[in-house]
Amino acid sequence: MNPRVFREYDIRGHAEEDFPDAFVTDLGRSMGAYFVDRGARRITLGRDCRLSSPRIHAALKRELLASGLDVVDVGIVHTPALYFSVFHLDADGGVMITASHNPGEDNGFKVVHGKSTIYGAEIQKLRTGIETRAFRAGAAAGAASDHDILRDYVDYVAANIQLGPRRFKIVVDGGNGTGGLAILPILAKLGLDADGIYCDPDGRFPNHHPDPTVPENLVDLVARVRASDAEVGIALDGDADRVGAVDGQGRILWGDQLVMLFARDILTRQPGATFVSEVKCSQALFDDITSRGGRAIMWKVGHSLIKVKMKQENAALAGEMSGHMFFADRWFGFDDAVYAGLRLIELLTQSPKTLAQLFDTLPVLHNTPEIRMPCPEDLKFEVVKRAVSWFSARYEVVAVDGARVMFEDGGRNVGWGLVRASNTGPVLVMRFEADTPARLAEIRALIEDRLRGIIADVAALEKTRVPT
C-alpha cells in the first residue's frame, strides 16, 4: 500500500500502480467498516469515465455490499451528481470513483459520510483500517440497486434556474469528463442556444487536460467563443466540481472574479449576506463585497475546509481560486461546476450587460498566479511559522492560513503577499497582488528574499540538532 494516496481531501493516485484489485478490495472493506460503525446503512456509488473506473468500481462495490451496506449504483456521473444523490435519495453517505482533473492514468475516491465529504484525519482512518485489518467479517450482504440520478439531477437543476429575458449563445467545454452528460441536457431543457465541445466522456482526455485553471486548456474554448460570437464560454474540469469561464472577447474570469459577480447578484436579494473565500483571492473581492453591504470572510485554502466554514457562518456562497463554487443560496452547499455555470448564465439573462461588459466593471489589480518555492517537507511548517512571526512584527498580517502580509501607503492598502505551506508537497505556495506592476515586483522581492533567509536559518538549525 502506498500511504501517500491518502491525501487531505480524497484518496488519489496512479490507477494501476496504486490501486490494484487487492488494494481496492481492502479499501472497500475498510470503507464498509467505517460507514457501518458510524450508523450508515445505505450509500450511493458513482464513477467517472476513466478507463480504470469499471475495474475499480466492480471491486469496491463488491466489498461495500459484503460489509452489509445497501449500495445504490448511480452509474457514470460527475462528482456533484454523486453529492446530489446523497441528498436527493436521503442516503447515509456515498463514494465517488474519480481523480478529478488528474491525468487519465490516475484514479481515486471521494467519500461522503452523512451529507459532507470526509477529509484530513477521517481519511487517514480508512488507511488505518487497512493497516489494522479492522474489517467486518461475516456480515449479511447488503442489497444492490441502480438509480438514474442524472435524470433527477437534470430535472431538479433545470427547475431551479430562473432565467431572465435576455438570450445569447453559449459554448461549453466539457473537457471529455462527465459534466457534459448533465449540462447539455439542462441547457436544452431550458431552451438555450448552446454549443458543446469535448462534452463526450473519454477517460483518455484526448483533446486537452481537464483543468480549467490552466489557460492553455482554455485555448479551444476561447477560439470557439470568438468564432461563434458567443457571449460566454463555460469550462468544466474532469469530474465537474470546478468551473472556468471566458467572456465574449476570450478573457478568462478567475475564481475570485466569479465569486465577485455572484456575490453582487445575491446581495441584491439578500442584503448583508455572508460570503467565504480563501486567502489566495484578490483583496478586490473582499473589498467589493464589503462595499456593497455584504460580509466577506477570508479563510483557509481547501474545499473541505471552506465547506465547513461556510456552514459555520451560514454563508450564501463560498468560492476558491481553483473554481470550486459552493452555493447555499438555492442549492445544497456542495461544489458543483455545472450548477455554477448555469447560475452564471442565469445572472446574464437577467442583466442588461453582457459578460464582457460586466468584466469591465471588475476592479483592475496586478497579481501573480500561484508561485511554488521548494522547501523540505520536514521544514515547511516551521518556515511558515517563523514567517508569520517575522512579518507580524513589521506589517499587518492575516494568519488564518500561513501569512497574508498587507502593505499600505499613507493608510491605503496597496497590495499583499501570501506564503503558506502546501498541503500536498514539499513546497511553499505564494501569491502576490498590488495596485501597480512596480509595487507588485517590490512586494514579491521582499517576501521571497526573506523566505530564502528563513529557510536557510531553519535548515542550519536542523543540522545542529542532536538526534534523541
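Before reading further, recall that the structure is shown in the block above.
Given the structure is predicted, the values throughout are model-derived calculations rather than measurements.

### Quick word on helix H8 (residues 219–228)
And then number 1: Buried within H8 are the following residues: Leu-221, Val-222 and Val-225. Down the axis of H8, the buried set is contained in an arc of 100 degrees. They therefore lie on one face.
And then number 2: A positive phi of about 60 degrees marks Asp-229, the residue just after H8.

### Structural notes on the pattern of salt bridges
And then number 1: Under the defined criterion, the tally for this structure stands at 46 salt bridges.
And then number 2: Note that Lys-110 is salt-bridged to Asp-241, the shortest N-O span being 2.7 Å. Of this pair, Lys-110 sits in strand S5 (residues 106–113) while Asp-241 sits in the loop between strand S10 (232–236) and strand S11 (243–247); the two residues are 131 residues apart in sequence, bridging distant segments of the chain. Neither Lys-110 nor Asp-241 differs from the other in exposure class; each is buried.
And then number 3: Here Glu-346 ties to Arg-330 by a salt bridge, and the two come within 2.6 Å at their closest N and O atoms. With Glu-346 in helix H12 (residues 337–349) and Arg-330 in the loop between strand S16 (325–327) and H12, this residue pair connects regions lying 16 residues apart in the sequence.
And then number 4: By relative accessible area, Glu-346 is classed as buried at 1%.
And then number 5: When salt bridges that share partners are traced, they join Asp-265, Arg-269, Asp-329, Arg-330, Arg-343 and Glu-346 into one network.

### Some points on helix H10 (residues 283–291)
Since the α-helix packs 3.6 residues into each turn, any two residues three or four apart lie on the same face.
And then number 1: Residues Gln-283, Ala-284, Leu-285, Phe-286, Asp-288 and Ile-289 constitute the buried set of H10.
And then number 2: On the buried face of H10, the contacting elements are helix H9 (255–269), strand S13 (274–278), strand S14 (295–299), strand S20 (403–409), strand S21 (412–421) and strand S22 (427–434).
And then number 3: The backbone nitrogen of Ala-284 lies 3.0 Å from a side-chain oxygen of the residue at the head of H10, namely Ser-282.
And then number 4: Immediately downstream of H10, the backbone of Gly-293 shows phi near 90 degrees, a positive value.

### Some details on the sheet that holds strand S9 (residues 193–197)
And then number 1: If you walk across this open sheet you meet the five strands as S9-S8-S10-S11-S12, and the pairing is mixed. Each having just a single partner strand, S9 and strand S12 (252–253) make up the two edges of the open sheet.
And then number 2: Across four bridges, strand S8 (residues 169–173) lies against S10 in parallel orientation. Looking at the pairing, Val-172 lines up with Ile-234 of S10.

### Description of the packing of aromatic side chains
And then number 1: The tally for this structure, following the rule as stated, stands at 23 aromatic pairs.
And then number 2: Residues Phe-84 and Tyr-153 carry aromatic rings whose centres are separated by 5.5 Å and whose planes lie at 85 degrees to one another, so their mutual orientation is edge-to-face. You can see Phe-84 sitting in helix H4 (residues 79–88) and its partner Tyr-153 sitting in helix H6 (residues 149–160), a full 69 residues away along the chain. Each member of the pair, Phe-84 together with Tyr-153, is buried.
And then number 3: Aromatic pair Phe-262 and Phe-327: ring centres 5.0 Å apart, planes at 75 degrees, arrangement edge-to-face. Of this pair, Phe-262 sits in helix H9 while Phe-327 sits in strand S16; the two residues are 65 residues apart in sequence, bridging distant segments of the chain.

### Observations regarding the state of the cysteines
And then number 1: Considering all chains together, one arrives at zero disulfides under this definition.
And then number 2: Left without a disulfide partner, Cys-49 is nearest to the cysteine sulfur of Cys-199, which lies 12 Å away.

### Topic: the packing of H6 against helix H7 (residues 180–189)
And then number 1: At a closest axis distance of 9 Å, the pairing of H6 and H7 adopts a crossing angle of 45 degrees. Taken together, the axes of H6 and H7 are oblique relative to one another. The interaxial crossing formed by H6 with H7 has right-handed handedness. Here H6 contributes Leu-150, Tyr-153, Val-154, Asp-155, Val-157 and Ala-158 to the contact with H7, which in turn contributes Leu-181, Ala-182, Pro-185, Ile-186 and Lys-189.
And then number 2: Tallied by class, residues from the contact of H6 with H7 come to nine nonpolar, no polar and two charged.

### Here's the deal with the environment of Val-172
And then number 1: With respect to the helices and strands, Val-172 occurs in strand S8.
And then number 2: The class for Val-172 is buried, based on a relative accessible area of 0%.
And then number 3: Between the C-alpha atoms of Val-172 and Ala-438, which are 266 residues apart in sequence, the distance is 37 Å.
And then number 4: Contacts of Val-172, omitting those with residues within four sequence positions, involve Ile-183, Leu-187, Asp-195, Gly-196, Ile-197, Cys-199 and Ile-234.

About the thresholds
Residues numbered from 1 in each chain as written. Predicted model: local features only at pLDDT ≥ 70, side-chain atom pairs only at ≥ 80, totals over all residues. Heavy atoms only, no water. Buried < 20%, exposed > 50% of the residue type's maximum accessible area, 1.4 Å probe, protein only. Helix = DSSP H or I, 4+ residues; strand = E, 2+ residues; numbered from the N terminus. Arc of directions from axis to C-beta. Salt bridge = Lys/Arg side-chain N within 4 Å of Asp/Glu carboxyl O. Contact = heavy atoms within 4.5 Å. Polar contact = N/O pair within 3.5 Å; in protein donor to acceptor, adjacent residues only side chain to side chain. Pairing = 2+ DSSP bridges. Phe/Tyr/Trp six-rings, centres within 6.5 Å; stacked < 30°, edge-to-face > 60°. Disulfide = S-S within 2.5 Å. Axes fitted to C-alpha atoms, helices over the stretch in contact; angles between N-to-C directions. Parallel < 35°, antiparallel > 145°, perpendicular 65-115°, else oblique. Left-handed = near helix turned anticlockwise from the far one by under 90°. Nonpolar A, V, L, I, M, F, W, Y, C, P; charged D, E, K, R; others polar.

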